[in-house]
Every structure is written in C-alpha cells, then in structure tokens.
Amino acid sequence: MASSKSASTSDVIYTARLIRTANPSRPTGTAIAVRDGKVLGVGTLEECQSWGITNIDRRFENKILTAGFVEAHSHVMAGMFHHIPYVGWFPRMMPNGEVIDGVKSTEELAERVRDIAVRTPLGESIIVAGFDPIYLKTERLSRHHLDAATTEHPVFVFHASGHLATINSFALQKYDIGPGHPAPGVGFDDNGEPNGELREPAAMALSKDEFRAIGRLIFEQETVVQYGASMRNAGITTATDLGVTLHLNDEALAMTVETTQDETFPVRMVAASRVIGAVNDMPDAVERIHSARTKSHHKLHFPIVKMVLDGSIQGFTAVVQWPGYYTGDDHGLFLLPPEQVVDYLRPFHKAGIGIHCHCNGSTTSQVFIDAIEQLLQETPWLDHRHTVTHAQLMTHAQMRKARNLGMCANFFVNHVFYWGDQHRDITVGPDRAHGMNPCGSADRIGLPYSFHTDAPVTPPGHLHTMWCAVNRRTASNQVLGENEKISIDRAFHAATIDAAYQLHMDHLVGSLEVGKYADMTVLDDDPYTVDPMEIRNITIWGTVVGGVPYERPVHSS
Amino acid sequence: MTNPRVPTFVIAGYLGSGKTTFINALLSGGATNVAVVVNDFGDVNIDASLIRQTHADTIELTNGCICCAIGGSLADTLFTLLDRPTIPSTVIIEASGVADPASVAAYTHISGLSPAGTVVLIDASEFSDNHRNELIRSTLERQVRAAHLLAFTKTDIATDVQRNEVELIVSALAPQTPAVATTAEILAFLVDAQPSPRIDPAPGAHNRFSSRTHHFSRPPSRNELLEFLTALPRSIVRAKGIVELSDGECVLVQQTGHHRALSAIDAAPTGIVLISSE
Ligand SMILES: Nc1nc2c(ncn2[C@@H]2O[C@H](COP(=O)(O)OP(=O)(O)OP(=O)(O)O)[C@@H](O)[C@H]2O)c(=O)[nH]1
Ligand SMILES: [Mg+2]
Ligand SMILES: [Zn+2]
Ligand SMILES: [Zn+2]
C-alpha cells in the first residue's frame with residue numbers, strides 16, 4: 001500500500017549493491033528513499049517505492065553506500081595545501097582529485113623545486129610543504145640540495161612534522177642568517193655555516209615573507225572551499241574544524257557561513273571554537289558561541305569547543321606520566337596551568353557546550369578527566385559527552401573513570417601507521433606503544449570512542465583510520481598492539497555514529513536512520529568483506545550529502 | 001644596511017607572579033612608546049598603552065600541536081606590530097604563566113626585533129608550595145633556568161621561611177643567574193633603566209638598588225666596550241645606554257642579568273646607565 005503522504009518531485013530513491021546504515025536495528029539494505037534531504041527509509045527497492053516515489057536513481061547500483069563518515073577532529077588549514085605544492089613521501093590526493101606522487105629522495109625534491117623555479121619570476125618565494133625525511137634513506141636535506149634547484153629564488157621547504165623548515169642559500173642571505181646567528185633553532189653544519197634548517201616556528205619566522213605567506217592562507221575563502229573538496233574526496237560527509245577562532249572574528253565567521261551554505265559546498269561542517277585568552281574571557285566566549293549558533297544552518301554547526309592542554313608525543317611536548325619518555329629529552333609542556341583547567345571550562349560546561357580537549361599525554365588526560373569530575377559535581381549534566389581528543393596514551397584507569405563520568409575518547413589511531421615504529425623505538429618504548437590509541441581496551445571497558453586524522457597532520461579519510469584500527473600495522477608493516485585490534489564493525493561505527501555522538505550530532509548524522517540527513521559515503525567495495533588489509537585501498541566515488549551526490553573528480557594523468 | 005631593531009623583553013613567571021602588575025607599573029611610571037604583547041593561553045594580544053583584551057588583534061598562538069604550528073603565531077603578532085606606522089621603542093612580551101620563557105624568547109630574534117633579556121618573576125610567597133606540586137614542578141624549574149634575571153615578588157607577604165626556601169631552590173637551579181627582590185616599581189625601574197636616584201628595597205627584602213651613568217672619556221672600540229661590560233661587578237643587574245664607538249657607529253647596549261645584546265642604532269649617545277643591587 002502506498003503511503004498517504006504525497007510524494008514530491010524532489011523525492012528520490014538510490015539503489016545500491018549494499019547500503020550499510022550504522023543503524024543496528026536495520027543494518028543493511030539495497031535502496032534508500034530520500035525526501036527533503038533526509039532519510040525516508042532504507043530497505044528493499046519495493047519498500048522504498050511504497051512511499052509512492054517513482055524517481056529511481058540507479059547510478060550507485062554497483063556501489064556500496066555507507067552511513068557518511070564523520071571526522072571529529074581535523075583543521076580547515078588542510079585546505080591550504082592546495083595552494084602549496086605537496087612534496088611528501090606518500091602519494092597524496094589534491095582537492096581537485098589529482099594524485100601527487102610521493103617524493104622519495106632529496107634529489108627528487110630538488111627536481112620538483114627546479115620545475116617550479118623555471119616558471120617563477122626571479123626573486124619570488126618558492127614554498128613547498130609536506131616533506132617527510134623520516135622515511136628517506138638519503139642524506140639529510142640541507143640548503144645545498146635546494147641550491148641545486150635554484151640560486152635565484154628563496155626556497156622554503158615546510159616539513160610534514162610542522163616543526164622544521166629548510167631554506168636555501170638565497171633565503172639565508174636574504175634574511176642575513178650567517179655563521180653564529182644567535183636565534184635558537186638555526187641549524188649549522190660542521191664548518192659553522194648555517195645548513196638551512198630552521199627548527200620550530202620561532203626560527204621559521206626568520207624567513208619572514210615565506211612564513212607569513214603560509215599563515216595568511218588560513219582565513220582565505222579558497223582554503224575553506226578546498227577543505228570541503230578534500231573532505232569529499234576522502235568520503236567524509238561531516239567534518240570538524242577543531243579549534244577555530246571564528247567566534248572572535250566576525251569577518252571570518254561571515255565568510256564561513258556563506259561558503260558552507262553554498263550548494264556546491266560538499267560537506268557538513270562542525271566549527272569548534274578554541275578556548276583561548278584569559279580565564280575571565282570565557283563567559284564572553286560562551287556568549288559569542290551562542291551568537292555564532294544563531295548563524296548556523298544545516299551545513300554549519302557549533303555544538304562544541306576545543307581546548308588544548310599539551311603538545312605532541314613525537315615532539316616530546318606531550319605531558320606523560322611516570323616513567324616519562326623512553327628516549328630523548330622530556331619537553332612536556334602544559335599549555336595552561338593545570339589548576340586553572342577547571343576555571344577555563346566551567347562557563348562552557350554550565351552553558352551546555354560540549355568540550356573536546358587535546359590531550360596527547362597521560363598526565364594531561366588525567367588533568368582533564370579530573371576537571372570534568374569536579375565540574376560534574378558542581379553542575380550535574382548527564383549528557384555532556386566531553387571528549388578526550390588524541391587520547392593516545394590514556395591508561396585503563398583513565399578510561400574506566402572517563403566511562404563512569406560519561407566522557408568519550410577520540411583516538412588518533414593513524415599514529416599506529418605513521419609514527420608507530422618511532423613510538424615503539426624512540427618516544428614511549430614497546431610496552432606503551434602497543435597500547436597506544438587503545439580501541440580494543442576502550443571496547444572492553446565500554447568507553448565510547450571515535451577516530452580522527454587531524455588533517456592536515458595525516459591525510460583525511462576514515463578508510464585509513466579503520467584500516468589502522470583493524471590491522472594495527474606500522475609503516476614498516478609490523479603489528480603494533482595485537483590486543484587493541486578491533487572488528488571492522490566496531491571501526492565502522494567509530495567512524496560514523498560514535499563520532500556523531502561525541503559531537504552532539506547523532507540525532508542529525510552518523511547513521512542512515514529515518515529523519516536524519518541522507519549523508520552517505522559512496523565506495524566501490526564493502527569494507528566488511530574485502531581483505532582487511534585492503535580496506536584503505538577501496539576506491540571512493542565521493543559522497544551524498546543531504547541527498548545530493550558530490551562526485552570526487554577523477555583525474556586522468 | 002642594518003635597520004634598527006626594537007629591544008624586546010620577555011617577562012615570564014608562574015600564574016599570578018606579578019607580571020601584569022609590573023608591566024602596568026612600567027607604563028604608568030612614564031615609559032613611553034612601549035608595546036606590550038600579552039600571550040595568554042593560546043592567544044596573543046597587542047596593546048601599546050594598556051594591557052587589555054582587543055579581540056581585533058586576537059590571533060591564535062603556536063603550541064606544541066603540529067596542527068597549530070603555523071599561522072597565527074606569536075611571530076605573526078609581532079610582525080603585525082612592526083607593520084604599524086609607528087614602531088615602538090621597546091617591546092615587552094608577557095608570557096603566559098606556564099610558558100617556557102626560552103621558547104617565547106626565541107621569537108625575539110625575528111626581523112625587526114632584538115632580544116633584550118628574559119626576566120622571570122618568582123612569587124616568593126607561593127613558589128616553594130608550588131614547587132612541591134609534581135604537576136607543575138618541571139614548568140617552574142624550566143622557567144627559572146630560562147631566566148637572565150630572576151626577580152622575587154611579593155616579598156611583602158612572604159614569610160621568612162618561604163623566602164629562605166625559595167632562595168635555596170632557585171639558587172640550586174640557576175646558581176649563575178642574578179636574583180633580586182623587587183616590587184613592581186623596582187622592576188619597572190630596572191627594565192626602563194632611566195637614570196634615577198636611589199630606590200628603597202622591597203618590603204621584607206634586603207636588596208638596595210642604586211643607579212649611575214657611565215660616560216666613556218673617549219669613544220671605545222667595540223672590543224673595549226665588551227671588555228668594560230664583562231668587567232662589571234656581579235652586583236650590576238642591569239645596564240642600558242647608547243654608546244658611540246671609535247668607528248663612529250652608535251650601538252644600543254642592553255644588559256639584563258647575564259644577557260647582553262649590542263645592536264646598531266641611529267640615535268645620540270647617552271652613556272650607560274648601570275644599576276646595581278647590593
Ligand atoms: N602583596 C603583593 N601582591 C602583589 C605583588 N605583585 C602583584 N601582586 C598581586 O598579585 C596578583 C597577581 O598579579 P598579576 O600582576 O596579575 O600577576 P600575573 O603574573 O600577570 O598573573 P597571570 O597573568 O595571571 O599569570 C594581583 O592581585 C596583584 O595585585 C606584590 O609584590 N605584593
Ligand atoms: Mg598577567
Ligand atoms: Zn588537531
Ligand atoms: Zn591537537
């Protein structure tokens with residue numbers, strides 16, 4: 001019997017080889033009916049047609065449709081790599097769909113720079129990014145390699161770690177950096193000559209024009225546009241920009257509202273304001289978030305705030321509990337006084353704004369969890385879902401306590417692949433490295449969690465995070481943390497509905513359930529049935545957001 | 001050609017150690033054309049006259065998270081400051097209470113600035129208690145080690161026991177670093193280093209300060225100037241002034257505790273103000 005509700009012309013049914021809904025009461029189907037951009041029903045074609053819909057779109061007949069992937073921790077900055085040539089080790093897809101080959105030696109890097117130099121006016125800066133020497137077997141990059149590319153342009157190579165840049169002799173001269181330069185972070189060779197290395201942003205800033213050029217890209221509209229495109233290409237339908245200052249910047253807010261509203265913008269965005277300033281600025285920040293919320297629309301949401309408590313593990317700046325780091329100097333750094341955390345967070349908690357806190361180290365995880373405990377005692381909120389993000393070294397005691405308090409974790413599981421070997425051998429040693437980003441234990445304990453890529457830190461996309469969580473392979477193809485492996489079913493839920501949950505967005509996105517947005521990731525193969533080692537290699541067609549297909553451009557080279 | 005570089009101080013010290021109080025004393029004491037950059041948690045504000053929040057200038061600050069390592073850093077704020085039509089004659093950066101002063105001071109080398117020293121404030125009434133707190137001990141120790149000049153504050157409310165404890169801890173951590181007991185006004189006097197009559201010691205403290213101005217009988221060579229500065233007694237905690245060298249060049253001498261910088265300057269010689277603490 002056809003539904004009494006009259007079908008509208010915009011209604012559509014998509015058929016598929018298989019639909020995975022992330023809705024446990026109806027986990028699969030072969031057709032989905034969409035009305036007003038929302039899920040009307042998932043099931044068989046006949047079931048969908050029973051709504052009286054005749055408009056059947058069969059373009060996905062041979063594809064797998066899944067509940068759209070939700071990225072709960074990335075940065076809009078990922079979009080700016082469109083403007084800066086990519087020179088990393090791994091091949092990377094640009095927002096326009098073009099795949100750039102990896103750079104496998106310093107000579108190859110010089111060649112790339114030379115190619116750019118021939119079409120760059122003399123004296124103009126050449127900036128490239130993503131260089132990743134950690135995987136190179138060749139000689140350490142110095143100004144001499146870059147001088148081989150050009151002696152008539154300043155060259156600035158921004159490394160993937162974000163902590164290092166290498167510049168050429170032309171740039172060294174331009175900024176008067178010679179032997180004995182007193183700034184910390186300037187590298188010298190055995191003869192006392194600068195070797196072109198600039199460590200940490202303070203030293204990178206010596207290369208003033210290039211450093212500023214990179215910084216300016218962050219608030220450009222094109223960066224937001226490209227961010228959206230790269231998320232679509234990665235199959236993400238809801239992406240979080242975790243740590244923006246839009247609430248403090250009316251112009252950037254207006255630009256973001258407008259850009260994301262455009263029909264061509266392919267992704268739903270969660271903008272999480274960053275907690276910055278002095279403690280007594282926080283009530284004002286709450287007001288500003290409330291005011292930003294009045295500008296939200298179906299593709300822009302402001303449900304949470306982000307706070308940063310420490311640095312990174314590979315930078316030795318995460319604050320780690322006893323016995324500290326395995327090798328290297330402990331530069332563990334609180335970004336604000338631990339006793340003030342609770343004062344910073346109180347106004348947000350009281351206002352019902354979810355809190356995601358960057359804690360890489362175990363000490364900072366503890367400080368955050370303790371602060372939440374105190375806030376809950378002061379102001380009960382049964383549904384806060386406050387989240388430890390990165391959460392890489394959370395201990396089991398911390399996970400149990402976080403569970404009891406109603407918190408979540410967002411694991412940086414890509415670390416297992418990208419830096420797992422280094423964590424085992426250098427930063428935290430074998431025992432803790434096996435237990436990093438402990439998805440398996442979180443399941444045993446019952447702590448809700450999601451994964452993130454922290455794009456641009458690692459490339460966006462949940463096929464890769466799921467692959468990491470299921471296989472736990474490092475870059476050298478060794479298993480790191482056999483007992484923390486999880487099933488593909490758990491991984492899929494972490495990448496969809498559980499991510500939506502910690503964003504307070506699970507009533508809108510994260511699963512294909514009647515009344516929620518018809519957001520889907522379109523894949524060539526089923527992550528549940530391919531060889532688990534192949535999950536990350538599944539081809540992504542693109543996405544469907546609010547019922548509208550957004551195809552990844554296919555670049556034929 | 002060398003452009004004159006703006007001397008830039010880093011004022012650091014744990015939460016509530018008196019950094020803002022000191023900067024306000026400096027500004028209200030008549031120091032002119034001073035730009036203050038307040039580096040709160042994840043945030044940088046510029047204000048040339050008073051310390052207050054100006055959201056228009058709010059820019060995210062670099063931190064250990066890679067994702068935040070570029071753009072919106074302290075460097076950008078400082079560049080913006082130097083882009084302004086009037087360039088300040090002094091820049092003061094108030095570091096956040098947990099900042100590693102050395103990593104903040106690293107920014108004072110950027111084009112247009114010249115490092116003038118890192119002053120770390122130590123709250124004499126709180127430090128020894130805080131130092132017992134394992135969570136923050138390494139933060140405090142890092143701050144003490146990064147100082148060129150250590151200034152004890154709140155000696156008026158510290159007990160004798162607290163004062164003795166803090167002196168012991170600090171001198172063990174940084175035995176070579178000059179340490180003085182101050183009030184906000186004394187510290188302002190030290191940093192501004194204008195010729196001034198004697199200053200009374202901070203309550204509860206024994207440091208007595210005096211200043212005098214040294215004029216060279218004839219322009220010294222750069223080496224002679226360096227020898228002169230090196231030979232100064234340890235009691236000299238601050239030296240500042242413009243000296244004409246024998247080759248006709250003028251240099252600005254900035255010595256703060258055991259930090260020394262000479263930078264080219266296009267201004268008339270003033271002699272060197274020497275402040276000693278006994
Ligand atoms: N008794 C006494 N109180 C002082 C002294 N110096 C500062 N204070 C007080 O200590 C408190 C904190 O001083 P601030 O100048 O705000 O300290 P701060 O280092 O800027 O603090 P943060 O920026 O929050 O890290 C204020 O209430 C000051 O009035 C002092 O020498 N003696
Ligand atoms: Mg202050
Ligand atoms: Zn991040
Ligand atoms: Zn982070």
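A.B. asks: Sorry, what's going on with the overall build of chain A here?
C.D. replies: Regarding its fold elements, chain A presents 19 helices and 24 strands. Since a compact globule built from 557 residues should have a radius of gyration of about 24 Å, the 24 Å found for chain A is in line with a globular shape. With the C-alpha coordinates aligned to their principal axes, the bounding extent of chain A is approximately 85 × 55 × 50 Å. Burial statistics for chain A: of 557 residues in total, 63% are counted as buried. In chain A, the share of contacts with a sequence separation of at least 24, taken over all contacts with a separation of at least 6, comes to 72%. Separation of charge centres in chain A, based on 46 positive and 64 negative side chains, amounts to 5 Å.

A.B. asks: Help me out: how do you make sense of the coordination of the magnesium ion (ligand 2) in this one?
C.D. replies: Six octahedral donors around a metal ideally sit at 90 or 180 degrees from one another, while four tetrahedral donors ideally sit at 109.5 degrees. Residues and elements named next belong to chain B. Looking at the magnesium ion (ligand 2), the protein donor atoms are Thr20 (OG1) and Glu94 (OE), and they sit 2.0 to 2.2 Å from it. With a gap of 74 residues between them, Thr20 in helix α1 (residues 19-28) and Glu94 in strand β5 (residues 90-94) connect regions that are remote in the sequence. Among the residues examined, Glu94 registers a relative accessible area of 8% and is labelled buried.

A.B. asks: I keep staring at the site of ligand 1 and nothing clicks. Help me out?
C.D. replies: All names here are of chain B. Lining the immediate environment of ligand 1, one finds Leu15, Gly16, Ser17, Gly18, Lys19, Thr20, Thr21, Glu94, Lys154, Asp156 and Ile157. Contact between ligand 1 and Lys19: an oxygen atom at 2.8 Å from a side-chain N or O atom of the residue. Between ligand 1 and Glu94, the relevant distance is 3.0 Å, taken from an oxygen atom to a side-chain nitrogen or oxygen of the residue. Contact with the protein chains covers 63% of the free accessible surface of ligand 1, which is 650 Å². No other element matches the three residues that α1 contributes to the shell around ligand 1.

A.B. asks: Before we go on, may I ask you to explain the pattern of salt bridges in this structure?
C.D. replies: Two side chains bearing opposite charge may form a pair once their charged atoms approach each other closely. All names here are of chain A. In the structure shown here, the tally under the stated rule is 34 salt bridges over all chains. Between Asp383 and Arg385 there is a salt bridge, with its nearest N and O atoms 3.0 Å apart. Counted as one network, the salt bridges with shared partners bring together Arg140, Glu197 and Arg199.

A.B. asks: Help me understand the environment of B:Leu232, please; the structure alone is not making it clear to me.
C.D. replies: All names here are of chain B. Mapped onto the elements of the fold, Leu232 is located in the loop between α8 (222-230) and β10 (236-244). Residue class for Leu232 comes out buried when judged on its relative accessible area of 13%. When the C-alpha positions of Leu232 and Ile93 are compared, they lie 28 Å apart, and in sequence the two are 139 residues distant. When sequence neighbours within four positions are dropped, the list of residues in contact with Leu232 reads Gln255 and Leu274.

A.B. asks: Can you help me understand the sheet that holds strand β12 (residues 186-188) of chain A in this one?
C.D. replies: Residue and element names in this part refer to chain A. The strand order β9-β10-β11-β13-β12 describes an open sheet built from five strands, whose pairing is mixed. What marks the edges here is a single partner per strand, and that holds for β9 (126-131) and β12. When the angles between neighbouring strand axes are averaged without regard to direction, this sheet yields 25°. Helix α2 (residues 106-118) rests against β9 and β10 (155-159) of the sheet, and its axis sits at about 150° to β9.

A.B. asks: For this particular structure, what's the right way to read the domain arrangement of chain A?
C.D. replies: Note: interface size is frequently given as the accessible area lost on complex formation between the parts. Domain assignment breaks chain A into domain 1 (71-75 + 235-510) and domain 2 (96-207). The distance between the C-alpha centroids of domain 1 of chain A and domain 2 of chain A comes to 32 Å.

A.B. asks: Can you help me understand the sheet that holds strand β13 (residues 271-277) of chain B in this one?
C.D. replies: Remark on secondary structure: sheet strands pair via backbone hydrogen bonds, oriented parallel or antiparallel. Residues and elements named next belong to chain B. As summarised here, the arrangement of the five strands in space is β9-β13-β10-β11-β12, forming an open sheet in which the pairing is antiparallel. The two strands at the open ends of the sheet, each matched to only one other strand, are β9 (209-214) and β12 (259-264). Mean inter-strand twist for the sheet, computed between neighbouring axes without regard to direction, equals 10°. Sheet strands in contact with α8 are β9, β10, β11 (250-256), β12 and β13, and its direction is about 155° off that of β12.

A.B. asks: Help me understand the environment of A:Asp310 in this model?
C.D. replies: Residues and elements named next belong to chain A. Mapped onto the fold, Asp310 is located in the loop between β17 (304-308) and α10 (341-350). For the pair Asp310 and Leu333, spaced 23 residues apart in sequence, the C-alpha to C-alpha distance is 5.6 Å. Of the polar contacts made by the side chain of Asp310, one reaches the backbone nitrogen of Val319; its length is 3.1 Å.

A.B. asks: Got a minute to help me understand the packing of helix α9 (residues 282-293) of chain A against α10(A) in this structure?
C.D. replies: When two helices pack together, their arrangement is given by the angle between their axes and by how far apart the axes lie. All names here are of chain A. Two numbers describe how α9 lies on α10: the axes approach to 9 Å, and their chain directions differ by 30°. Judged by the angle between their axes, α9 and α10 are roughly parallel. Both α9 and α10 take part in a crossing whose hand is right-handed. Here Met282, Pro283, Ala285, Val286 and Ile289 of α9 lie close against α10, whose contacting residues are Tyr344, Pro347 and Phe348.

A.B. asks: Please explain the packing of helix α6 (residues 208-216) of chain A against helix α2 (residues 74-83) of chain B as it appears in this structure.
C.D. replies: Contact geometry for α6(A) and α2(B): axes closest at 11 Å, N-to-C directions at 110°. Considering their axes alone, α6(A) and α2(B) lie roughly perpendicular with respect to each other. In terms of crossing hand, the pair formed by α6(A) and α2(B) is left-handed. Contacts between α6(A) and α2(B) involve A:Lys208, A:Phe211 and A:Arg212 from the first element and B:Ala75, B:Asp76, B:Phe79, B:Thr80 and B:Asp83 from the second. Here the contact of α6(A) with α2(B) is composed, by residue class, of three nonpolar, one polar and four charged.

What counts, and at which threshold
- Residues numbered from 1 in each chain as written.
- Chains lettered and ligands numbered in written order.
- Predicted model: local features only at pLDDT ≥ 70, side-chain atom pairs only at ≥ 80, totals over all residues.
- Heavy atoms only, no water.
- Helix = DSSP H or I, 4+ residues; strand = E, 2+ residues; numbered from the N terminus.
- Rg over C-alpha atoms; globule rule 2.2 N^0.38 Å.
- Buried < 20%, exposed > 50% of the residue type's maximum accessible area, 1.4 Å probe, protein only.
- Contact = heavy atoms within 4.5 Å.
- Lys, Arg positive; Asp, Glu negative; His and termini not counted.
- Charge placed at Lys NZ, Arg CZ, Asp CG, Glu CD.
- Donors = N, O, S within 2.8 Å, 3.2 Å for Na, K, Ca; no water.
- Near = heavy atom within 4 Å.
- Polar contact = N/O pair within 3.5 Å; in protein donor to acceptor, adjacent residues only side chain to side chain.
- Areas by Shrake-Rupley, 256 points an atom, 1.4 Å probe, with all protein chains shown as cover.
- Salt bridge = Lys/Arg side-chain N within 4 Å of Asp/Glu carboxyl O.
- Pairing = 2+ DSSP bridges.
- Axes fitted to C-alpha atoms, helices over the stretch in contact; angles between N-to-C directions.
- Domains from an automatic or database assignment.
- Parallel < 35°, antiparallel > 145°, perpendicular 65-115°, else oblique.
- Left-handed = near helix turned anticlockwise from the far one by under 90°.
- Nonpolar A, V, L, I, M, F, W, Y, C, P; charged D, E, K, R; others polar.

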